[in-house]
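# Structural characterization, general
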Amino acid sequence: KSVFTNKEIEFLREKLEKENLLSKAVTTSKGDLLSQEYFDDLLLDDRIITRIKSILGGQIVYFGDSNWLAYKYDPQQEIDPYHTDNSYRYRKGPDWIGRYPIIRFGLFLQDHKNQGGGILLSRKSHRKFIANRMLRNLDREVIGLLNGNSKYMATEVGDLLIWNMRTAHAGKGQYIKYFFK
């Protein structure tokens with residue numbers, strides 16, 4: 001919670017808007033975070049590194065992927081489909097064997113606690129694989145909503161969220177307060 005201050009987040013938002021990098025209809029990443037002035041230091045910020053080390057334990061290794069996504073929340077946008085970010089998404093590769101200590105993180109520049117537009121995570125999906133796509137979607141989108149395994153992350157300005165790259169997640173989620181209290 002509130003890993004970065006409101007002042008720091010406002011600075012980042014201003015830079016995104018100044019460079020016209022904050023759009024309403026983003027569907028793909030904006031490229032490499034390390035190539036963006038003002039944002040390249042984020043990956044090396046002690047507040048992020050300390051949290052990542054505490055999760056992964058000990059030495060961490062950067063594997064060369066620092067793509068990023070920035071968008072303004074629009075309630076008319078469709079939710080991104082559930083997906084994973086690991087290489088072998090269909091349980092046919094080595095990343096489904098063992099611990100797989102590769103993570104993704106999100107730094108939130110706007111409030112998603114009260115308005116929606118944040119991320120949905122499917123609990124324990126990094127340990128479970130369902131081969132049939134229709135059953136997998138049913139498990140994540142319907143059953144997960146009803147049994148609480150799919151959870152809307154009610155992030156606030158400055159929050160940092162870290163998840164395993166095998167974790168099923170969906171962006172631009174709708175915050176349905178009845179289910180996600």
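A few points on the structure.

Reading the values: rules and limits
Residues numbered from 1 in each chain as written. Predicted model: local features only at pLDDT ≥ 70, side-chain atom pairs only at ≥ 80, totals over all residues. Heavy atoms only, no water. Buried < 20%, exposed > 50% of the residue type's maximum accessible area, 1.4 Å probe, protein only. Helix = DSSP H or I, 4+ residues; strand = E, 2+ residues; numbered from the N terminus. Arc of directions from axis to C-beta. Contact = heavy atoms within 4.5 Å. Polar contact = N/O pair within 3.5 Å; in protein donor to acceptor, adjacent residues only side chain to side chain. Expected span 1.5 Å × (residues − 1).

As a further point, take helix α2 (residues 46-56). Of all the residues in α2, the buried ones are I48, I49, I52 and L56. Relative to the axis of α2, the buried residues are bounded by an arc of 95 degrees and lie together on one face. Turned more than 90 degrees from where α2 packs its buried face, D46, T50 and S54 sit exposed. Where α2 is buried, its residues touch β1 (103-107) and β4 (160-164). By the N-cap criterion, in which a side-chain oxygen at the helix start approaches the backbone nitrogen of a residue two or three places on, α2 is capped by D45, the distance to R47 being 2.8 Å. Looking at the residues trailing α2, positive phi occurs at G57, about 80 degrees.

Between the first and last C-alpha of helix α1 (residues 6-18) there are 18 Å, a value that for 13 residues agrees with the 18 Å anticipated at 1.5 Å per step. All buried positions along α1 are accounted for by I9, L12, R13, K15 and L16. Each buried residue of α1 lies within a common arc of 160 degrees when the element is viewed along its axis, so the set occupies one face. Structural note: α1 exposes N6, K7 and K18 on the side pointing more than 90 degrees away from its buried face.

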